[in-house]
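Residue strings, one per chain:
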Amino acid sequence: MLEWEGTESGFRVHDSAGAECSVSGSQLEFTEADRDLPRPVDITLDCLTTELTLPGALVYVISLSSGETDELGGDTEPMSVPEGEYLIDVDAEVKTYLRCNGPFTLCRTADYDGVVLSLPGRRRITLGFRGRNRKPTAALSIPPTPDGVATALTYSSVAHKTTGTDRSYPTLRGHPPLLDIAEESDDIEVPAAIRDATDDTGIELLAPSAVEPLLVLAPLAYYLGATVEVGTVASPILRAPEADVAFELPAMPDLERDTTRLLRKVFFLDCLVRNAGPYGTELAEASLLDALGVDADTLYAAPPVERLAAYLDVPYGAIEQRLPDWHCSTYVEPDAEGLRALPFLLDRMSLIYMPRTSELEGSELVERSLDDFYRGQTPDYSRRVVPSRSLDPTTGSASERETDAAADGGRTAGQDTAVRSAGEVASVDVVKPELRGGRIHGWLAGGTPIDVFKSLPEAYEHRLDALDREGEGIDIAVVRNDAEMDVEHADVADIYRARGGDVSIDVSVHERLSTTELARLIETDYDFVHYIGHCETDGFRCPDGHLAASSLTSCGAQTFFLNACGSYHEGVDLVKRGAVVGAVTFSQVLNDHAVSVGSTFAKLLVHGFGFERALQLARRRIMMGKDYAVVGDGTHSLAQSENRLPATVELEAVNAGFLVTYDQFCSHHAGAFYRPYLGDDRYAYLCGNESEHVLDRSEVATFLERAALPVIYDGDVYWSASLADRIRSGP
């Protein structure tokens with residue numbers, strides 16, 4: 001639910017998930033709202049003003065008389081709009097619409113962080129705001145049988161807002177109905193409202209009568225809006241009788257590969273063909289359609305069966321090298337618990353695979369950690385470990401702890417042998433998963449693999465519960481339960497407060513809490529708890545004893561970071577008792593390693609990175625990064641990003657200056673696109689595809705000064721502003 005409140009410069013609109021939209025205005029005066037908007041919105045406001053500044057985002061101007069749509073360009077040149085009545089569509093974290101009369105001008109601010117609407121005089125504007133949280137409004141009751149799963153998949157697409165190519169936009173795909181998993185002997189129950197609202201696309205999927213292949217087929221069936229049935233077939237058949245389509249897929253395990261390829265192809269081609277619609281943009285990948293001989297205008301208007309038939313004729317090899325990286329893959333046990341989480345995985349458009357693991361051999365875990373640490377270099381496990389310098393997490397400046405530190409570029413290679421616990425730490429037997437494609441990986445099965453987030457069905461359900469919470473911002477509690485751990489404690493509190501200048505964050509600091517006090521804090525409705533201290537076999541160490549998470553009746557903290565030795569089991573218990581997600585450790589961690597990971601992770605979280613992606617980047621800064629993991633829903637984000645979707649940059653020195661590789665993606669915005677605003681590049685790119693730009697030293701430094709994102713440079717992770725002076729001054 002959205003709420004709004006006035007600010008010194010204007011007003012802000014926010015929701016319970018931490019998303020907000022701040023608007024400032026000149027000579028701003030609110031009036032009674034009595035004009036409708038031609039789009040669904042949650043809040044409508046009318047105002048008089050001469051100028052409004054909105055968040056930097058993709059902006060479209062739509063003529064309400066002709067329907068013609070124009071996009072605000074990627075440069076800072078003003079866009080002049082003539083007389084007439086218009087709808088301005090601002091694709092910010094909170095979807096924003098403005099209805100106003102021309103003439104007016106729109107332009108981006110010099111730092112690209114804002115869009116300014118300027119009027120020739122004081123005019124009336126109607127603003128509308130719509131939240132992006134997609135909450136299911138209905139549920140099915142199914143037994144954990146092939147027939148039950150087939151029924152769930154048939155109705156999973158009921159919340160799609162279109163059967164056309166625009167379903168590839170994340171905003172036009174709805175959350176599938178929840179599933180109540182009944183006993184095997186129980187009947188299937190589908191509410192009449194769901195039956196009536198489900199579109200008949202003419203696409204059918206006939207599958208073998210087994211849960212495993214149905215789970216693998218689930219994302220494809222959901223996206224296509226297919227009617228799913230089970231029968232006595234050896235392998236699945238995708239059919240569209242009206243278009244003479246009968247496409248046979250292989251049996252398991254090859255079904256996993258071919259289903260992934262088919263979904264990625266259909267989804268990618270939809271993303272290109274939709275460019276023929278009213279929200280088309282200068283998409284870098286769109287030129288591929290001409291090479292493939294695909295008529296975008298014809299297919300945009302075609303029914304689903306004809307579009308599917310045309311896509312099946314496109315060879316996978318012709319597009320394979322242009323496909324965006326898929327954002328997420330989840331490995332799911334084909335049981336009732338896995339089925340319970342299925343609607344949430346489909347909402348994220350996650351690929352689904354069967355879980356397979358093997359044991360880690362000998363020193364393999366150490367070697368894999370070192371490979372990540374020395375990424376971009378040739379791993380040398382005999383390399384001399386030197387003391388490092390640390391980056392001030394708020395300014396990004398480097399404070400020399402040792403003179404030799406410069407040789408290591410700021411990474412923590414093991415200079416402090418003190419560990420975070422002197423007591424007995426709970427052990428975790430980790431295994432090696434067989435991972436497929438995907439930027440991040442979730443695990444909804446037995447065992448504790450490395451390189452994945454260990455999820456639980458409860459985590460997704462708790463995420464829905466959190467949407468009903470009331471709150472005006474993000475409440476963060478920092479807990480230090482050991483007096484010697486003051487470095488991370490001070491660093492992260494400053495990081496959270498600094499970000500509070502841009503979004504609404506309230507930070508409270510707590511020290512040396514007793515078992516009763518810590519229990520009360522964890523049971524309180526905080527959005528995030530950052531725990532710094534000791535964790536042992538009996539639980540969190542407190543001055544008066546230990547607190548086991550399993551002893552709590554509930555966990556009010558929505559998310560957490562337990563930066564203590566061996567905190568994995570406590571983290572799992574917190575998710576079971578109410579949390580959505582958290583970061584934990586598998587074993588003992590060195591104190592300086594914990595400080596480095598904790599500060600970097602904190603910075604990434606409050607700048608909009610999801611938990612798993614934030615930890616992927618943060619643990620690159622230490623040698624034993626695989627000691628850290630995420631439990632719960634690793635796709636969840638704590639805060640919004642300045643860039644709409646979190647972005648990263650990789651810098652590499654080349655003869656002409658620097659090769660800048662820009663990447664922007666988010667695990668719950670599959671199908672979105674971005675503009676890098678770099679150099680003379682006028683194109684947009686699909687999320688999951690990196691864009692490359694060669695800039696001179698001055699251009700790179702200027703970009704880093706205005707950007708607010710992590711930069712991978714010389715094998716380490718920096719905050720952009722901290723690197724600008726170093727790049728400008730040269731080697």
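This write-up is about the structure you can find in this document. Keep in mind the model is a prediction, meaning the values are calculated, not measured.

## Side note on the overall build of the protein chain
Alright, step 1. If you tally the helices and strands in the protein chain, you get 18 helices and 41 strands.
Alright, step 2. Relative to the 2.2 N^0.38 estimate, which gives 27 Å for 731 residues, the radius of gyration of the protein chain is 26 Å and therefore close to what a compact globule would have.
Alright, step 3. Based on the C-alpha atoms only, the size of the protein chain along its principal axes is roughly 70 × 70 × 55 Å.
Alright, step 4. Among the 731 residues that make up the protein chain, the fraction classed as buried is 59%.
Alright, step 5. If you take every contact in the protein chain between residues at least 6 apart in sequence, the share linking residues at least 24 apart comes to 69%.
Alright, step 6. For the protein chain, the accessible area works out to roughly 27900 Å², and carbon and sulfur atoms hold 45% of it.
Alright, step 7. Put simply, the protein chain has 63 plus and 118 minus side-chain charges, and the middle of one group is 3 Å from the middle of the other.

## Describing the pairing of strand E3 (residues 20-26)
One face of the sheet, then the other: side chains in a regular strand alternate in exactly this way.
Alright, step 1. Of the strand pairs in this sheet, strand E2 (residues 10-14) and E3 are connected by five bridges, and their pairing is antiparallel. What sits directly across from Phe11, in E3, is Val23.
Alright, step 2. Bridge count between E3 and strand E5 (residues 43-55): three bridges; the pairing is antiparallel. When the bridges of E5 are listed, Ser24 appears paired with Thr53.

## Considerations on the pattern of salt bridges
Alright, step 1. On inspection of all chains with the given rule, the structure shows 28 salt bridges.
Alright, step 2. Taking the shortest distance from any N to any O, the salt bridge between Arg35 and Glu85 comes out at 3.9 Å. Here the residue Arg35 occupies a position in the loop between strand E4 (29-31) and E5, and Glu85 occupies one in strand E8 (residues 79-90), the gap between them amounting to 50 residues.
Alright, step 3. Here Arg35 falls in the buried class, since its relative accessible area comes to 16%.

## Section: the environment of Asn101
Alright, step 1. Within the secondary structure, Asn101 sits in strand E9 (residues 95-108).
Alright, step 2. Spatially, the C-alpha atom of Asn101 lies 8.3 Å from that of Arg124, the residues being 23 residues apart in sequence.
Alright, step 3. Setting aside residues no more than four positions away along its own chain, Asn101 makes contact with Gly84, Glu85, Leu119 and Arg123.

## Focus: the nonpolar core
Alright, step 1. Within the largest apolar cluster, 130 residues are counted, with the highest numbers of intra-cluster contacts made by Leu153, Ile476, Tyr496 and Phe601.
Alright, step 2. Ignoring anything within four residues of it in the chain, the contact list for Ile476 reads Tyr496, Ile505, Asp506, Val507, Ser508, Tyr526, Phe528, Val606 and Leu638.
Alright, step 3. Core analysis: the next-biggest nonpolar cluster, separate from the first, contains 36 residues, Ala477, Leu513, Ala519 and Val575 among them.

## Comments concerning unusual backbone geometry
Alright, step 1. Cis geometry is adopted by the peptide bond preceding Pro103, which originates at Gly102 and carries an omega value of 5°.
Alright, step 2. Mapped onto the elements, Pro103 comes out in strand E9.
Alright, step 3. In the Ramachandran plot, Gln27 falls in the positive-phi region, its phi being about 50° despite a non-glycine side chain.
Alright, step 4. Locating Gln27 in the fold gives a position in the loop between E3 and E4.
Alright, step 5. A positive phi angle, close to 55°, is found at Met349, a residue other than glycine.
Alright, step 6. For Met349, the position within the fold is in the loop between helix H9 (336-347) and strand E18 (351-353).
Alright, step 7. By relative accessible area, Met349 is classed as buried at 1%.

## Considerations on helix H12 (residues 486-499)
Alright, step 1. Between its first and last C-alpha, H12 extends 20 Å over 14 residues, near the 20 Å set by a 1.5 Å rise per residue.
Alright, step 2. Those residues of H12 lying buried are Glu488, His489, Asp491, Val492, Ala493, Ile495, Tyr496 and Arg499.
Alright, step 3. Against the buried residues of H12 lie strand E26 (474-480), strand E27 (505-511), strand E28 (528-532), strand E32 (559-563) and helix H15 (591-606).

## Brief notes about the sheet that holds strand E30 (residues 539-542)
Alright, step 1. Judged by pairing direction, the sheet is antiparallel, and its three strands sit side by side in the order E29-E30-E31 without closing on themselves. With one partner strand each, in any of the chains shown, strand E29 (535-536) and strand E31 (545-547) form the two edges of the open sheet.
Alright, step 2. Here E29 pairs with E30 via two bridges, running antiparallel. Looking at E30, one finds that Cys535 is bridged to Phe540.
Alright, step 3. Helix-sheet contacts for helix H13 (residues 515-523) involve E30 and E31, and the interaxial angle to E31 is about 15°.
Alright, step 4. Where helix H14 (residues 568-576) meets the sheet, its contacts fall on E29, E30 and E31, and the angle it forms with E30 comes to roughly 105°.

## As for the sheet that holds strand E25 (residues 453-454)
Alright, step 1. Across the sheet, which stays open at both edges, the ten strands sit in the order E18-E17-E23-E25-E34-E33-E32-E28-E26-E27 with mixed pairing between neighbours. Strand pairing shows two members of the sheet lacking a second neighbour, E18 and E27, which therefore form its edges.
Alright, step 2. As paired strands, E32 and strand E33 (residues 581-585) are joined by three bridges and run parallel to one another. Looking at E33, one finds that Phe561 is bridged to Ala583.
Alright, step 3. Helix H16 (residues 611-618) rests against strand E23 (440-444), E25, E28, E32, E33 and strand E34 (628-632) of the sheet, and its axis sits at about 175° to E34.

## A short note on the packing of aromatic side chains
Alright, step 1. Throughout the structure, instances matching the rule amount to 23 aromatic pairs.
Alright, step 2. Taken together, a centroid distance of 6.0 Å and an interplanar angle of 80° make the contact between Phe11 and Phe129 edge-to-face. Note that Phe11 is positioned in strand E2 and Phe129 in strand E10 (residues 114-130), a separation of 118 residues in sequence. Pair check on accessibility: Phe11 and Phe129 agree, each one buried.
Alright, step 3. Between Phe601 and Phe611, the ring centres sit 5.8 Å apart and the planes meet at 70°, which makes this aromatic pair edge-to-face. Taken as a pair, Phe601 in helix H15 and Phe611 in helix H16 lie far apart in primary sequence, ten residues in all. Across the pair, Phe611 and Phe601 agree in class, each one buried.

## Regarding the packing of helix H3 (residues 211-224) against helix H4 (residues 254-273)
Alright, step 1. Their axes nearest at 10 Å, the elements H3 and H4 cross at an angle of 10°. Considering the angle they form, H3 stands roughly parallel to H4. Residue-level contacts link Pro213, Val216, Leu217, Pro219, Leu220, Tyr223 and Leu224 of H3 to Leu255, Glu256, Thr259, Leu262, Leu263, Val266, Phe267 and Asp270 of H4.
Alright, step 2. Residues belonging to the contact of H3 with H4 are distributed by class as follows: twelve nonpolar, one polar and two charged.

## A closer look at the pairing of strand E39 (residues 691-695)
Alright, step 1. The alternating pattern of E39 places Ser691, His693 and Leu695 on a buried face and Glu692 and Val694 on a face that is not buried.
Alright, step 2. Bridge analysis of strand E36 (residues 657-664) against E39 gives five bridges, and the strand direction is antiparallel. Within the sheet, the bridge partner assigned to Leu659 lies in E39 and is Val694.

## Focus on the side chain of Asp527
Alright, step 1. Within the secondary structure, Asp527 sits in the loop between H13 and E28.
Alright, step 2. For Asp527, a relative accessible area of 11% gives the class buried.
Alright, step 3. A distance of 2.7 Å separates a polar side-chain atom of Asp527 from the backbone nitrogen of Asp475.
Alright, step 4. A polar atom in the side chain of Asp527 sits 3.4 Å from the side chain of Gln558.

Reading the values: rules and limits
- Residues numbered from 1 in each chain as written.
- Predicted model: local features only at pLDDT ≥ 70, side-chain atom pairs only at ≥ 80, totals over all residues.
- Heavy atoms only, no water.
- Helix = DSSP H or I, 4+ residues; strand = E, 2+ residues; numbered from the N terminus.
- Rg over C-alpha atoms; globule rule 2.2 N^0.38 Å.
- Buried < 20%, exposed > 50% of the residue type's maximum accessible area, 1.4 Å probe, protein only.
- Contact = heavy atoms within 4.5 Å.
- Areas by Shrake-Rupley, 256 points an atom, 1.4 Å probe, with all protein chains shown as cover.
- Lys, Arg positive; Asp, Glu negative; His and termini not counted.
- Charge placed at Lys NZ, Arg CZ, Asp CG, Glu CD.
- Pairing = 2+ DSSP bridges.
- Salt bridge = Lys/Arg side-chain N within 4 Å of Asp/Glu carboxyl O.
- Core = buried A, V, L, I, M, F, W, Y, C linked by side-chain atoms within 4.5 Å.
- Expected span 1.5 Å × (residues − 1).
- Axes fitted to C-alpha atoms, helices over the stretch in contact; angles between N-to-C directions.
- Phe/Tyr/Trp six-rings, centres within 6.5 Å; stacked < 30°, edge-to-face > 60°.
- Parallel < 35°, antiparallel > 145°, perpendicular 65-115°, else oblique.
- Nonpolar A, V, L, I, M, F, W, Y, C, P; charged D, E, K, R; others polar.
- Polar contact = N/O pair within 3.5 Å; in protein donor to acceptor, adjacent residues only side chain to side chain.

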